[in-house]
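The chain contents come next:
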Amino acid sequence: LVKESIMCWIILLLIPVVYGQEPAQVGRGRKIFFESEAAGTRCGNCHAIEKKGTPAGPDLGRLAMLNPRAIKMAVLSTATQYVVSAKMKTGTSFPAMKGAEEGAEVQLFDLSSNPPELKKVPKADVEYQPNTAWKHPPESTRLTAPQLADVIAFLRFAATGDKKTIRPEDVE
């Protein structure tokens, strides 16, 4: 009976090793992405991954196959190729990311709110103009190299299951 009890405890202790625990770096990156104000804003306010966050911005899971420096460039970029200025018939305008179009309606994420506010508007009530003012939050440059490495490790793990450690020097 003692042998069986010891075997049960050994098996219970080995389960996380056999099935793989999430690396600590991934957990830190997830926390920065969804909870931390270290970047000036939470990444998850505009980006969704692991079925969490706001799906206003591009899918960052697609970046996971890139090398860490390329991911860093994308994360820190202020380029806004997906953002338009939505001018409403009422005369108001706001920076927006277009969402789904259904029938006579379009979904727009209003980027002047943080997190972005989803608005469903009639297609006929909106005119699109090039974005000239809104920039990807430049506060993201406040992330230190270790924090950015953690976020990149999280993105890669969430998208592909990759557990490889990303070193701060990989993103400097």
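**Student:** Looking at this structure, I do not really get the sheet that holds strand S3 (residues 83-88). What am I missing?
**Tutor:** Pairing between the strands of a sheet comes from backbone hydrogen bonds, and it takes one of two forms, parallel or antiparallel. Pairing is antiparallel across the open sheet formed by five strands, whose spatial order is S6-S5-S4-S3-S7. At either margin of the open sheet sits one strand with a lone partner, and together these are strand S6 (117-122) and strand S7 (126-130). Neighbouring strand axes in the sheet, compared pairwise and without regard to direction, differ in orientation by 50° on average. Relative to S6, strand S5 (residues 105-110) runs antiparallel, the two sharing six bridges. Residue Leu108 lies in a different strand from S6, and its bridge partner there is Lys119.

**Student:** How should I be thinking about the pattern of salt bridges in this particular structure?
**Tutor:** Side-chain pairing between opposite charges can occur once the charged atoms of the two side chains come close. For the structure on display, the rule yields nine salt bridges. Of the charged contacts in the structure, one is a salt bridge between Glu101 and Lys123, with a shortest N-O distance of 3.1 Å. Of this pair, Glu101 sits in strand S4 (residues 93-102) while Lys123 is found in the loop between S6 and S7, placing the two residues 22 residues apart along the sequence. With a relative accessible area of 33%, Lys123 lands in the partly exposed category. Across the salt bridge formed by Arg167 and Asp170, the nearest N and O atoms sit 2.8 Å from each other. The class of Arg167 is partly exposed, set by a relative accessible area of 45%.

**Student:** How should the packing of helix H2 (residues 24-34) against helix H4 (residues 145-160) be read in this particular structure?
**Tutor:** Angle between the axes and distance between the axes are the two parameters that describe a pair of packed helices. The contact between H2 and H4 brings their axes to 7 Å, and the two run at 100°. As judged from the angle between their axes, H2 and H4 are roughly perpendicular. Where H2 approaches H4, its residues Gln25, Val26, Arg28, Gly29, Arg30, Ile32, Phe33 and Phe34 are matched on the opposing element by Gln147, Ala149, Asp150, Val151, Ala153, Phe154, Leu155 and Phe157. Residues belonging to the contact of H2 with H4 are distributed by class as follows: ten nonpolar, three polar and three charged.

What counts as what
- Residues numbered from 1 in each chain as written.
- Predicted model: local features only at pLDDT ≥ 70, side-chain atom pairs only at ≥ 80, totals over all residues.
- Heavy atoms only, no water.
- Pairing = 2+ DSSP bridges.
- Helix = DSSP H or I, 4+ residues; strand = E, 2+ residues; numbered from the N terminus.
- Axes fitted to C-alpha atoms, helices over the stretch in contact; angles between N-to-C directions.
- Salt bridge = Lys/Arg side-chain N within 4 Å of Asp/Glu carboxyl O.
- Buried < 20%, exposed > 50% of the residue type's maximum accessible area, 1.4 Å probe, protein only.
- Parallel < 35°, antiparallel > 145°, perpendicular 65-115°, else oblique.
- Contact = heavy atoms within 4.5 Å.
- Nonpolar A, V, L, I, M, F, W, Y, C, P; charged D, E, K, R; others polar.

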